[in-house]
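Examining the three-dimensional arrangement
Listed below are the residues making up each chain.
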Amino acid sequence: MAQFTLYSHAGGPNGWTVAFLLKALGLTYETKFLDFANGEQKAAEFVKLNPNGRIPALVDHQNNDYTVWESKACMLYLVEKYDTKREFTVSSSPEEQATLLQWLFFQASGQGPYFGQAAHFKMFAPEKIPYGIERYAKEVERVLSVLESVLSKQEYLVGGKLTIADLSFITWNNFGIHALLPEGVDAQKQFPATLAWHAKLLALPFVAEALKEREAVAAH
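Keep in mind it's a predicted model, so treat the numbers as computed, not measured.

**Some thoughts on the UniProt feature "domain: GST N-terminal" (unreviewed entry) in the protein**
Following the UniProt record, the feature "domain: GST N-terminal" (unreviewed entry) maps to residues 2-86 here. Between the first and last C-alpha atoms of residues 2-86 the distance is 23 Å; the span itself is 32% helix and 21% strand.

Next comes the structure, spelled out in structure tokens:
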């Protein structure tokens, strides 16, 4: 039996960030992909695990079926409990911990929601609302500008090393950099450091493996 069960969605970005880290740490897991069209994420059985009725949720079967939800909370749990060499986190100093957390919060409160709204208004809304499209496309540009302001000066977001902060941005960037910016914005010209950082993250073996699995699952 795998140590973890990861409740996720084939196309949704947030569950895959947890899969990146599970693979990176060599932890065994089984993914259960919920069918949003049939409302499985709101079914009573799943809401017992995650009262918010969203993915991801992670169950640790070797820790009395301890369950954690919200992708950043899942990642923090994994590094604190299983990343004994602190390969994907920072030291325990309050300063480095705060810097790590600020990037995780920025991803969760900034990148994810704004990119998600940009995708909704541009691609999925039942009617085209120019104000919504423009507002959130500009927010995508702003979020990428924040990343560029830091990554143009350093290789990674925190601690001079790859951490869960970097991993948490991959899936939304993989979609949004190419599809959600305002018309006429040249990502390569405006965000060269961010694109170089993103390409380096995509080349990580455990990230490439997970994204290949995502393509296969989505195709079915």
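**Structural notes on the sheet that holds strand S3 (residues 57-60)**
Either a parallel or an antiparallel arrangement is found when strands of a sheet pair, and the pairing is made through backbone hydrogen bonds. Spatial ordering of the open sheet is given by S2-S1-S3-S4, a layout of four strands whose pairing is mixed. In this open sheet, the two edge strands, each paired with only one partner strand, are strand S2 (29-33) and strand S4 (66-69). Across the sheet, the mean angle separating the axes of adjacent strands is 20° when strand polarity is ignored. Of the pairings in the sheet, the one linking strand S1 (residues 4-8) to S3 comprises four bridges and is antiparallel in character. The residue bridging Phe4 from the neighbouring strand is Asp60, located in S3.

**Quick notes on helix H10 (residues 205-219)**
Over its 15 residues, H10 runs 21 Å from end to end, which matches the ideal 21 Å to within 8%, given 1.5 Å per residue. Residues Phe206, Val207, Ala210, Leu211 and Arg214 constitute the buried set of H10. All buried residues of H10 fall inside an arc of 130° around its axis, so they share one side. Across from the buried face of H10, at angles greater than 90 degrees, the exposed residues are Pro205, Lys212, Glu215 and Ala219. The elements touched by buried residues of H10 are helix H1 (14-24), helix H6 (164-167), helix H7 (170-179) and helix H9 (192-202).

**Focus on the domain arrangement of the protein**
Looking at the assigned domains, one finds that the protein contains domain 1 (4-83) and domain 2 (94-205). Between domain 1 and domain 2, the C-alpha centre-to-centre distance is 22 Å. With 11 residues of domain 1 in contact, the opposing surface of domain 2 contributes 12 residues. Here domain 1 meets domain 2 over a buried area of about 930 Å², counting both sides, of which 81% is carbon and sulfur. Where domain 1 meets domain 2, there are three residue pairs in polar contact (both at pLDDT 80 or more). Of all the secondary structure elements, the ones that give two or more residues to the side of domain 1 that touches domain 2 are H1 and helix H3 (71-82).

**Re the pairing of S1**
Along any regular strand the residues' side chains alternate between the sheet's two faces. Judged by how many residues are buried, S1 sits mostly within the fold: five of five residues are covered. Side-chain alternation along S1 places Phe4, Leu6 and Ser8 on one buried face and Thr5 and Tyr7 on a second face that is also buried. Across five bridges, the pairing between S1 and S2 is parallel. Of the residues in S2, the one forming a bridge with Leu6 is Thr31. The β-α-β motif built from S1, the intervening H1 and the parallel element S2 has right-handed crossover chirality.

**Brief notes about the packing of H3 against helix H4 (residues 94-124)**
It is the contact of H3 with H4, at a shortest axis distance of 10 Å, that shows an interaxial angle of 150°. One finds that H3 runs roughly antiparallel with respect to H4. Two secondary-structure elements touch here, H3 through Lys72, Leu76 and Glu80 and H4 through Gln97, Leu100, Leu101, Leu104, Gln107 and Ala108. Residues that form the contact of H3 with H4 fall into these classes: five nonpolar, two polar and two charged.

**Points about the side chain of Thr17**
On the secondary structure map, Thr17 appears in helix H1. What Thr17 contacts, discounting residues up to four positions off in sequence, is Ser71, Met75, Leu167, Ser168 and Thr171.

**Thoughts on a nonpolar patch on the surface**
On the surface, Met123, Phe124 and Phe175 cluster together to form a nonpolar patch covering roughly 300 Å² of accessible area. Here Phe124 is to be found in helix H4.

**Considerations on the nonpolar core**
Core analysis: the biggest nonpolar cluster contains 60 residues, and Leu21, Leu22, Leu58, Leu78, Trp103 and Leu167 have the highest contact counts within it. It is H4 that contributes the most residues to this core, eight residues altogether. Counting the residues that make up this core, at least three belong to each of domain 1 (4-83) and domain 2 (94-205). Judged by nonpolar contacts, the second largest core, of six residues, contains Tyr7, Phe46, Ile55 and Val59.

Each value, and the rule that gives it
- Residues numbered from 1 in each chain as written.
- Predicted model: local features only at pLDDT ≥ 70, side-chain atom pairs only at ≥ 80, totals over all residues.
- Heavy atoms only, no water.
- UniProt positions renumbered as here; feature names shortened; annotations may be inferred.
- Helix = DSSP H or I, 4+ residues; strand = E, 2+ residues; numbered from the N terminus.
- Pairing = 2+ DSSP bridges.
- Axes fitted to C-alpha atoms, helices over the stretch in contact; angles between N-to-C directions.
- Expected span 1.5 Å × (residues − 1).
- Buried < 20%, exposed > 50% of the residue type's maximum accessible area, 1.4 Å probe, protein only.
- Arc of directions from axis to C-beta.
- Contact = heavy atoms within 4.5 Å.
- Domains from an automatic or database assignment.
- Buried area = accessible area lost by both parts, 1.4 Å probe.
- Polar contact = N/O pair within 3.5 Å; in protein donor to acceptor, adjacent residues only side chain to side chain.
- Right-handed = clockwise from strand over helix to strand, strands pointing away.
- Parallel < 35°, antiparallel > 145°, perpendicular 65-115°, else oblique.
- Nonpolar A, V, L, I, M, F, W, Y, C, P; charged D, E, K, R; others polar.
- Patch = residues over 30% accessible without salt bridge, like charges linked within 9 Å, V, L, I, M, F, W, Y side chains within 5 Å.
- Areas by Shrake-Rupley, 256 points an atom, 1.4 Å probe, with all protein chains shown as cover.
- Salt bridge = Lys/Arg side-chain N within 4 Å of Asp/Glu carboxyl O.
- Core = buried A, V, L, I, M, F, W, Y, C linked by side-chain atoms within 4.5 Å.

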